[in-house]
Amino acid sequence: EESDYNLRKAYELLENKDQNEAMKYLNQQIEEYPKSVEAYAMRARVLMEQNKNGSALTDINKAIKFWKKGGQTKQYTLYWWRAVIYSNMKMNDKALADFETVYKLALKEDPNMIHDVLYQRAQLHFDLAEYDKADSDYRLMLDHDEADQVAMIGLVRNMLVRKDYQGAIEMANKCENIDANYEGTYCFRMQAYDKLGE
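Source: prediction; values computed, not measured.

Once that is clear, we can look at the side chain of arginine 189. Its location among the elements puts arginine 189 in helix H11 (residues 185-197). For arginine 189, a relative accessible area of 8% corresponds to the buried category. If sequence neighbours within four positions are ignored, arginine 189 has contacts with Ile169, Ala172, Asn173 and Glu176.

A few words now on helix H10 (residues 165-178). Counted at 1.5 Å a residue, the expected span for H10 with its 14 residues is 20 Å, and the 20 Å between its end C-alpha atoms agrees. The set of residues buried in H10 consists of Tyr165, Gly167, Ala168, Ile169, Met171, Ala172 and Cys175. Residues of H10 that are buried make contact with helix H8 (131-144), helix H9 (149-162) and H11.

Counted according to the given criterion, the structure contains 4 aromatic pairs. With 6.3 Å between their ring centres and 40° between their planes, tyrosine 76 and tryptophan 80 make a pair best called tilted. Here tryptophan 80 and tyrosine 76 lie together in helix H5 (residues 75-88), a separation of 4 residues that amounts to about one turn. Tryptophan 80 carries the same exposure label as tyrosine 76, and that label is buried. The positively charged end of arginine 157 is found above the aromatic ring belonging to phenylalanine 126, 3.6 Å away from the centroid.

This part takes up the packing of H5 against helix H7 (residues 114-127). For the pair H5 and H7, the least separation of the axes is 12 Å and the interaxial angle reads 15°. Between H5 and H7, the crossing angle belongs to the class labelled roughly parallel. Crossing handedness for the pair H5 and H7: left-handed. Contacts from Trp80, Val84 and Ser87 in H5 reach Asp116, Val117, Gln120 and Leu124 in H7. A per-class count over the contact of H5 with H7 returns 4 nonpolar, 2 polar and 1 charged.

Calculation notes
- Residues numbered from 1 in each chain as written.
- Predicted model: local features only at pLDDT ≥ 70, side-chain atom pairs only at ≥ 80, totals over all residues.
- Heavy atoms only, no water.
- Helix = DSSP H or I, 4+ residues; strand = E, 2+ residues; numbered from the N terminus.
- Buried < 20%, exposed > 50% of the residue type's maximum accessible area, 1.4 Å probe, protein only.
- Contact = heavy atoms within 4.5 Å.
- Expected span 1.5 Å × (residues − 1).
- Phe/Tyr/Trp six-rings, centres within 6.5 Å; stacked < 30°, edge-to-face > 60°.
- Lys NZ or Arg CZ within 6 Å of the ring centre and 35° of its normal.
- Axes fitted to C-alpha atoms, helices over the stretch in contact; angles between N-to-C directions.
- Parallel < 35°, antiparallel > 145°, perpendicular 65-115°, else oblique.
- Left-handed = near helix turned anticlockwise from the far one by under 90°.
- Nonpolar A, V, L, I, M, F, W, Y, C, P; charged D, E, K, R; others polar.

Shown next, in the form of structure tokens:
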């Protein structure tokens, strides 16, 4: 059975922002347990933060390969981190495929994470100017929670890009009805009114 001593030490060091020392313990864990999903995943996360995406990808792929039910790390988390790595590397098709896997796994494993998964995927679609696909994710967020203001503001932003100013105003008003102080609602609605007035 795998000892978690090195993992706990690495976690403590990472909490204290000491990545270099933490890496020593993670390397030690992998040397002692070459199929340690948690060590590969944690090391991948550190490498991601250091912008060493190639090495992070290698480690996260090993974590995915060795993953088994009953471990500390959820399967969807591994695919999520890989999606982020792919996105950082501009390998967008692979990132989007992994986000789809994350969504399906999270539906079964942890429905509370659905919002974050869909939001991140929608943001990637937006960055790629795939506004219809971003809209689909925002609407899926609303299917899961009809009061999701993040999704509403995402739709407002997309409507502004498409010059659907009336639609943006209506969605901003709907968002404001849920919480009048929600950040961005007033700003986006004013932008839409300004554009309608031009």
